[in-house]
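The lines below spell out each chain.
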Amino acid sequence: MNIPMSSPDLTDAERQAVLEVLQTPILSMGERIRRFEAAFRELTGARHAIAVSSGTAGLHLCVRAAGIRPGDAVITTPFSFVASTNVLLFEGAIPVFVDVDPRTGNISPERVAEAARALAKGGATARRFLPPSLRRQDSPPLRAILPVDVFGQVADMDPLRAVAAEYGLKVIEDSCEALGATYKGRPAGTLGDYGVFAFYPNKQITTGEGGVIVTDDDEAADFMRALRNQGRAPGDTWLQHTHLGYNYRLDEMSAALGVVQMSRLEELLRKRERVAAWYEAGLREVPGVEIPFVTPQTTRMSWFVYVIRLEAGIDRAAVARRLAERGIPTRPYFVPIHLQPYMVERFGYREGDFPVTEDLGRRSLALPFSGVMSEEQVAYVCRALREVL
Ligand SMILES: Cc1ncc(COP(=O)(O)O)c(C=O)c1O
């Protein structure tokens, strides 16, 4: 059996919606974008939703809106997809990594508080938190916290917000993996100053490529709308550009696809929950396998991927190889950001800098996952894993 790593869940309604756009002359900045954005306001209760061309683009606009400038420090997590850190580097900001909670893989609020305290104090204590190659410089001003809702589980946002309030920091919530999740009953994406969702085809909903920013901040929303559209502020003509902006617009075909996917969100999330439950039942008792941990404050997990951890000492590469021989692809989710070649080169990070992240990075294995997987396919993966182990 050959099983895909992930698959979008599309119906004729999505195909029809895209074709309908192609029967009109408006392929960008039209009615579908407005409807897509409205669906996010409705889902999250946020005052503003801004559709953009990718999750990365959305996060980048939040970094600009938060006023993060070259040399500013931002506390974030090394256990994430690289984009959450890259958007800081785009603006010349300094990522201040802190380690994660070993159970969830989400940024540790205690470590964040420690780093914020140290950076506020300055001097040698602060420098200990900076990237190794920057430890000789003065400690930079701390501007923001950028937590990530890893694998569809919202980070522990209440203590993070408390740290942000204490030190006057902005919070950018990277909810690219967590559309539809809730934390103590509150929707992912709404727990900081700005939240961002992403819609690559392996995500809970897809637009091919795309993202949405949500925020309650009127001024920031105007600014980000301008930046996504080449810096055109309200009142600017097509060739007037108040700000340095980008082309981060989402096109109408993608938005039309997204409108239908959003109308099916509950169905899509339920199907993913069902697949996760099959995995859980199939893997709970398998020696050497740790299944995902969901904290009690996660009132809804929005399953993005299904990532197990292998017991220390098990040769993960060999397991992945043997599974691949049986038509089962896997991924080592995540390779820690601080150990990516460009980060090592630029900042001098080494193995051992963030032990919890590195341990998770070494032992995590994402199994094939999507809402369209059948019970039979999940059973096949579970059986194969048991045999291979
Ligand atoms: C945590 C996280 N942040 C950011 C992104 C970036 O989203 P995109 O691929 O749409 O740019 C992703 C998705 O790939 C992600 O998983």
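Above this note sits the structure.
Quick caveat, the model's predicted, so the values are computed rather than measured.

Peer 1: Is there a simple way to think about the packing of helix H3 (residues 55-65) against helix H4 (residues 83-90) in this case?
Peer 2: Helix-helix packing is described using two parameters, namely the angle between the two axes and the distance between the axes. Axis separation between H3 and H4 bottoms out at 9 Å; the angle between their running directions is 45°. The angle between the axes of H3 and H4 places the two elements in the oblique class. For the element pair H3 and H4, the recorded crossing hand is right-handed. When H3 is examined against H4, the residues Thr 56, Leu 59, His 60 and Val 63 are found in contact with a partner set consisting of Ala 83, Ser 84, Val 87, Leu 88 and Phe 90.

Peer 1: Mind showing me how you'd approach the layout of surface pockets here?
Peer 2: Any empty space left between atoms is shown by rolling a water-sized probe over those atoms. Looking at the largest pocket, its volume works out to about 330 Å³. Along the walls of the largest pocket sit 20 residues, with Thr 56, Phe 81, Ala 198, Tyr 200 and Lys 203 positioned nearest its centre. In terms of residues, the lining of the largest pocket owes the most to one element, H3, which gives three residues. Class assignment for the residues of the lining of the largest pocket results in nine nonpolar, seven polar and four charged.

Peer 1: Whenever I open this one, the sheet that holds strand S10 (residues 289-290) confuses me. Can you help?
Peer 2: Hydrogen bonds between backbone atoms are what pair the strands of a sheet, whose relative direction is either parallel or antiparallel. Sheet architecture is open: three strands sit in the order S10-S12-S13, paired in antiparallel fashion. Looking along the sheet, the strands with just one partner apiece sit at the ends: S10 and strand S13 (364-367). Summarising the sheet, strand S12 (residues 306-310) and S13 pair through four bridges and their orientation is antiparallel. Across the sheet, residue Tyr 306 finds its bridge partner in S13, namely Leu 367. Those strands touched by helix H13 (residues 355-363) are S10, S12 and S13, and its axis lies near 45° from that of S13.

Each value, and the rule that gives it
- The residue numbering used here restarts from 1 in each chain and proceeds along that chain's sequence as written.
- In keeping with the model being predicted, local features are shown solely for residues with a pLDDT of at least 70 and side-chain atom pairs are shown and tallied solely at 80 or more, while totals for entire chains, interfaces and linings include all residues.
- Where side-chain values are given, they derive from all heavy atoms of the structure, hydrogens and water being excluded.
- Note on geometry: axes are lines fitted to C-alpha atoms, helical ones only across the stretch in contact, with angles between N-to-C directions running from 0 to 180 degrees.
- Secondary structure elements follow DSSP: runs of H or I no shorter than four residues count as helices, runs of E no shorter than two count as strands, and numbering proceeds from the N terminus.
- Angle categories: roughly parallel below 35 degrees, roughly antiparallel above 145, roughly perpendicular from 65 to 115, and oblique for all the rest.
- Note on convention: the crossing is left-handed when the near helix lies turned anticlockwise from the far helix by less than a right angle, right-handed when the turn is clockwise.
- The contact rule is simple, with two residues in contact once any of their heavy atoms fall within 4.5 Å.
- The distinction between a cavity and a pocket rests on a 1 Å grid over the protein atoms alone: a 1.4 Å probe fits inside a cavity but cannot get out, while a pocket stays open yet meets protein on both sides within 12 Å along at least five of seven lines, and a residue with an atom within 4 Å of a point counts as lining.
- Grid points are joined across faces, edges and corners, and a volume is the space filled by probe spheres set on the points.
- Note on residue classes: Ala, Val, Leu, Ile, Met, Phe, Trp, Tyr, Cys and Pro are nonpolar, Asp, Glu, Lys and Arg are charged, and everything else, Gly too, is polar.
- One bridge is not enough; two strands pair if DSSP finds at least two bridges between them.

Keep in mind these values describe shape, not function.
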